[in-house]
Each structure stands twice: as structure tokens, then as C-alpha cells.
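If you want the building blocks of each chain, they are given just below.
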Amino acid sequence: MYAHQGDFFVSVVIVILIGKLKHVHCRRLWSAALVNFIGVVLHEVAHFIVAWLLGGRPTRFSVWPQRTVDGFLFGHVVCARMNTFNALPIGLAPLMLLPVAWMLDRQFFVHFPRTTGSYIIYLFLLVIIIENALPSTADWRVVWKYPIGLVGWGGVLFAYLWQSGWL
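Residues numbered from 1 in each chain as written. Predicted model: local features only at pLDDT ≥ 70, side-chain atom pairs only at ≥ 80, totals over all residues. Heavy atoms only, no water.

**Digging into a nonpolar patch on the surface**
Quick reminder of the rule: Patches draw on residues past 30% relative accessible area with no salt bridge. Two like charges within 9 Å are joined, as are two nonpolar side chains (Val, Leu, Ile, Met, Phe, Trp, Tyr) within 5 Å. Only the protein chains shown count as cover for residues, and the accessible areas themselves come from Shrake-Rupley with a 1.4 Å probe. By convention in these notes, a salt bridge is any Lys or Arg side-chain nitrogen within 4 Å of a carboxyl oxygen on Asp or Glu. Each helix is a run of H or I in the DSSP string that is no shorter than four residues. Each strand is a run of E no shorter than two, and both are numbered from the N terminus.
The grouping of Val45, Phe48, Ile49, Trp52, Leu53 and Phe61 at the surface amounts to a nonpolar patch, some 580 Å² of accessible area in total. Top element by residues in the nonpolar patch is helix α2 (residues 29-53). It accounts for five residues. Topologically, Leu53 is positioned in helix α2.

Here it is as C-alpha cells:
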């Protein structure tokens, strides 16, 4: 009944299924905002930190939900200095939450007993972290707004992988 610490892939699949069910049942703005609040905060804080570290100069931070033409906007970070160098890391900053999910998977049951209640909390936390680690459509728009940066960062990654012997 309980996932073993080494079954991270199984946990991810369960988390994705729970996340899909959650989205089907959260059609109203405030119910969806309530369910997603913690994850939205983590997602937007990731953008904010990377923007601040890379000179993007964040000027506005919000986790207040809003209804839009396309659905819901749960949060955003506005930066005054987006450029070719920092757009990709800022746009993809929420991916930094994936190692947090991996650490949660490795450490949760070291600190909590394997009970049904703790397993539900464990899965809930994984759903929140993994879902909000995925860059949104707006995040990808920021990345694609500076295609030269995408090519540059891709070149850096390629050079690193080549030098490390991965390629």
C-alpha cells in the first residue's frame, strides 16, 4: 500500500494522476486557488529568486488569483530587466523544485511513520511540488521571447555535457 523510498517513478505517476483529478474538480477560482496556493507560492518564489540573482530586478510579486480569458492566473513575477542572458533561467526557475520533490521522496518516511495519514500527506506534498515545478505557458513565452539566449544556454549545456563525457 505504501510507496517505498526507491519507487520515485511510481510516486510521480500517482502524483500526476492525483493532479489531473484535482484539476477536474477545481473549476472555480477560489477552490482552485486554495488547493494550489502553496505550490503557487513555491513556483513564484523560484522565479523571484532566480530573477534577483541574475539581475532581472523583480518589481512585482503576486500570488493573488485572477480569472483571465484563458482560465486562471494564480501568480506572477514582473521583472524590469529581462534580457538574453537571464530570460531562460528565470522562465524555467520552477524546475528547481524537482530536486525538492526528489529529496522529499527520499527523506519523508525517514522522519515520519508509514501510516495511511502520513502517506496521504506525502502524496499531497509531491503533487504540489511536482505540478508547480513545471513551467507555465507564460514562463515558456518568456523563454521564447529571447531565442538567442536559448541558443546560448543550449550551447553552454552542450559544451558542459561534451566536456564531462556525457556526449
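**A look at the pairing of strand β4 (residues 76-79)**
Put simply, the test is: Buried, partly exposed and exposed residues are distinguished by accessible area as a fraction of the type maximum, computed with a 1.4 Å probe on protein chains only: under 20%, between the cut-offs, and over 50%, respectively. Two strands qualify as a pair provided DSSP detects at least 2 bridges between them.
Burial of the side chains of β4 is restricted to one face: Val77 and Cys79 are buried, whereas none of His76 and Val78 on the reverse face is. Direction of pairing for strand β1 (residues 58-62) relative to β4: antiparallel, over a ladder of four bridges. Directly across from Pro58, in β4, lies its bridge partner Cys79.

**Here's the deal with the confidence of the model for the protein**
Stated precisely, the cut-off is as follows: Here pLDDT means the predictor's own confidence in every residue, given as a number from 0 to 100.
Scored by pLDDT, the protein has a mean of 85; 85% of the residues are at 70 or more. Put simply, helix α1 (residues 8-25) is where the protein has its lowest mean pLDDT, 69, and helix α3 (residues 87-91) is where it has its highest, 96.

**Remarks on the nonpolar core**
The criterion, for reference: In this description, a nonpolar core means a group of buried Ala, Val, Leu, Ile, Met, Phe, Trp, Tyr and Cys residues linked to one another through side-chain atoms lying within 4.5 Å.
Ranked by internal contacts, the top residues of the largest apolar core, which has 13 residues, are Tyr122 and Leu126. When residues of this core are traced back to their parent elements, those giving at least two are α4 (97-111) and α5 (116-133). Formed by seven residues, the second largest nonpolar core is a distinct cluster that contains Val50, Val77, Ile90 and Ala93.

**Re α4**
The cut-off we apply is this: Expected span of a helix, by definition, is 1.5 Å for each gap between consecutive residues, and there is one gap fewer than residues. To get the bend at any residue, fit one axis to the seven residues that end at it and another to the seven that begin at it, then take the angle between the two axes.
Here α4 contains 15 residues, and its C-alpha end-to-end distance of 20 Å stays within 8% of the 21 Å for a straight helix at 1.5 Å per residue. Along its length, α4 shows its largest kink, about 35°, at Asp105.

**Overview of the pattern of salt bridges**
Between side chains of opposite charge, a pair can form as their charged atoms come close. Scanning the entire structure with this criterion turns up one salt bridge. Taking the shortest distance from any N to any O, the salt bridge between Arg106 and Asp105 comes out at 3.3 Å. Using a relative accessible area of 26% as the deciding quantity, one classes Arg106 as partly exposed.

**Focus: unusual backbone geometry**
The backbone of Arg57 shows a phi angle near 50°, a positive value even though the residue is not glycine. By secondary structure assignment, the location of Arg57 is in the loop between α2 and β1. Taking the relative accessible area as the measure of exposure, Arg57 reaches 44% and is therefore partly exposed.

**Section: the environment of Val45**
Mapping Val45 onto the fold places it in helix α2. Since its relative accessible area comes to 31%, Val45 is described here as partly exposed. Measuring from C-alpha to C-alpha, the distance between Val45 and Pro94 comes to 8.4 Å, with 49 residues separating the pair along the chain.

**As for the packing of α4 against α5**
Test applied: Each axis is a line fitted through C-alpha atoms, and for a helix only the stretch in contact is used; angles between axes span 0 to 180 degrees, taken between their N-to-C directions. Each angle is binned into one of four classes, with values under 35 degrees roughly parallel, values over 145 roughly antiparallel, values of 65 to 115 roughly perpendicular, and all other values oblique. Whether two residues are in contact is decided by their heavy atoms: any pair within 4.5 Å suffices. Following the grouping adopted for this structure description, the nonpolar residues are Ala, Val, Leu, Ile, Met, Phe, Trp, Tyr, Cys and Pro, the charged ones are Asp, Glu, Lys and Arg, and the polar ones are all others, Gly among them.
Between α4 and α5, the shortest axis-to-axis distance is 8 Å and the interhelical angle comes to 170°. The angle between the axes of α4 and α5 places the two elements in the roughly antiparallel class. For the pair α4 and α5, contact is made by Leu97, Leu98, Val100, Ala101, Leu104, Asp105, Phe108 and Phe109 and by Ser118, Tyr119, Ile121, Tyr122, Leu125, Leu126, Ile129, Ile130, Asn132 and Ala133, respectively. Tallied by class, the residues present in the contact of α4 with α5 amount to 15 nonpolar, two polar and one charged.

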